[in-house]
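# Descriptive analysis of the structure
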Amino acid sequence: AQSVTQLDSQVPVFEEAPVELRCNYSSSVSVYLFWYVQYPNQGLQLLLKYLSGSTLVKGINGFEAEFNKSQTSFHLRKPSVHISDTAEYFCAVSDWGAQKLVFGQGTRLTINP
Amino acid sequence: DAGVTQSPTHLIKTRGQQVTLRCSPISGHKSVSWYQQVLGQGPQFIFQYYEKEERGRGNFPDRFSARQFPNYSSELNVNALLLGDSALYLCASSSNQVNEQFFGPGTRLTVL
């Protein structure tokens, strides 16, 4: 069975500082990997996805993530955060050929001025 | 183009009642999935429908059921509501069974 572990439930950072949100997954088969963002009282918005090819994936709003198969990780990074990045971030995995997404517990990113 | 829409936005029910949540996918999308997000947790998969057939079911009791209509819209029904059913219910659509999913804003269900 697949599972996703987001290693930090909360990450506080100062504005314009870099940030890394950590995600590890377990699966017995090849996977697709995703990062979603959820702003207060809203649904989920896709930040980026890894399907195949280059292990460094660039997404919207300046975010990027690196797929590391040997470490089964897919950490999300941004070199300089803004107040508007304050939100809940979810890492998710799905099997190739399937649509069911398995989500982590989420990481609350708080940006301090 | 309009995104995924869900109705109602908020709903309050009492224990034992039944509820129906509705979802309209993005135009041209044939796949609809439902997720339950309890406060403070990540979404959990409930159902996936593709071309009006159930293609996946998560670990939820039989009180949860769904269907997809010829226009690809979908309904999620929950019978005999429990306090623990209080959650944000998210609908997601995609153009086929394996493509990127686009999420709606959700329906916030409160069971008293």
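Here the structure is shown first, and the text comes after it.
Here's a quick rundown of the structure. On a predicted model such as this, the values are computed, not experimentally measured, just so you know.

### Brief notes about the overall build of chain A
Counting its regular elements, chain A contains 0 helices and 12 strands. Each helix and strand of chain A, placed in order from N terminus to C terminus, yields the pattern β-β-β-β-β-β-β-β-β-β-β-β. Taking 113 residues into account, the globule formula puts the C-alpha radius of gyration at 13 Å, and chain A, at 13 Å, falls close to it. With the C-alpha coordinates aligned to their principal axes, the bounding extent of chain A is approximately 40 × 30 × 20 Å. Considering only contacts in chain A between residues 6 or more positions apart, those separated by 24 or more positions represent 56%. For chain A, the computed accessible surface area is about 5500 Å², with 50% contributed by carbon and sulfur atoms. On chain A, the mean spot of the 8 positive side-chain charges and the mean spot of the 9 negative ones are 7 Å from each other.

### Section: unusual backbone geometry
Cis rather than trans, the peptide bond between Ser7(B) and Pro8(B) has omega equal to -10°. In this fold, Pro8(B) is placed in the loop between β1 (5–7) and β2 (10–13). Residues other than glycine seldom take positive phi values, yet Asn41(A) does so here, at roughly 60°. Structurally, Asn41(A) can be placed in the loop between β5 (31–38) and β6 (44–50). Despite not being glycine, Asn61(A) has its phi angle at roughly 60°, a positive value. Positionally, Asn61(A) belongs in the loop between β7 (56–58) and β8 (64–68).

### Some points on the pairing of strand β9 (residues 73–78) of chain A
Every other side chain in a regular strand lies on the same face of the sheet, so the side chains alternate between the two faces. Residues and elements named next belong to chain A. Counted residue by residue, β9 has 5 buried out of 6 residues, so it is predominantly covered. Here strand β3 (residues 19–21) runs beside β9; their pairing, made up of 3 bridges, is antiparallel. In the strand pairing of β9, Glu 20 is matched with Arg 77. Summarising the sheet, β8 and β9 pair through 5 bridges and their orientation is antiparallel. Residue pairing for β9: Ala 65 is matched across the bridge by Leu 76. Connecting the antiparallel pair β8 and β9 is a turn made up of 4 residues, with Thr 72 showing a positive phi of about 45°.

### Overview of the interface of chain A and chain B
Each side of the interface is counted separately: chain A has 17 residues, and chain B has 22 residues. Between chain A and chain B, roughly 1500 Å² of surface is buried when both sides are summed, and carbon and sulfur atoms account for 53% of that area. Note that Glu100(B) and Lys49(A) form a salt bridge whose closest N and O atoms lie 3.1 Å from each other. Inspection of the chain A/chain B interface yields 4 residue pairs in polar contact (both at pLDDT 80 or more). Counting only elements with at least two residues in the side of chain A that touches chain B, the list comes to β5 and β6 of chain A. When the residues that make up the side of chain A that touches chain B are grouped by side-chain class, the tally is 8 nonpolar, 7 polar and 2 charged.

Calculation notes
Residues numbered from 1 in each chain as written. Chains lettered and ligands numbered in written order. Predicted model: local features only at pLDDT ≥ 70, side-chain atom pairs only at ≥ 80, totals over all residues. Heavy atoms only, no water. Helix = DSSP H or I, 4+ residues; strand = E, 2+ residues; numbered from the N terminus. Rg over C-alpha atoms; globule rule 2.2 N^0.38 Å. Contact = heavy atoms within 4.5 Å. Areas by Shrake-Rupley, 256 points an atom, 1.4 Å probe, with all protein chains shown as cover. Lys, Arg positive; Asp, Glu negative; His and termini not counted. Charge placed at Lys NZ, Arg CZ, Asp CG, Glu CD. Buried < 20%, exposed > 50% of the residue type's maximum accessible area, 1.4 Å probe, protein only. Pairing = 2+ DSSP bridges. Buried area = accessible area lost by both parts, 1.4 Å probe. Salt bridge = Lys/Arg side-chain N within 4 Å of Asp/Glu carboxyl O. Polar contact = N/O pair within 3.5 Å; in protein donor to acceptor, adjacent residues only side chain to side chain. Nonpolar A, V, L, I, M, F, W, Y, C, P; charged D, E, K, R; others polar.

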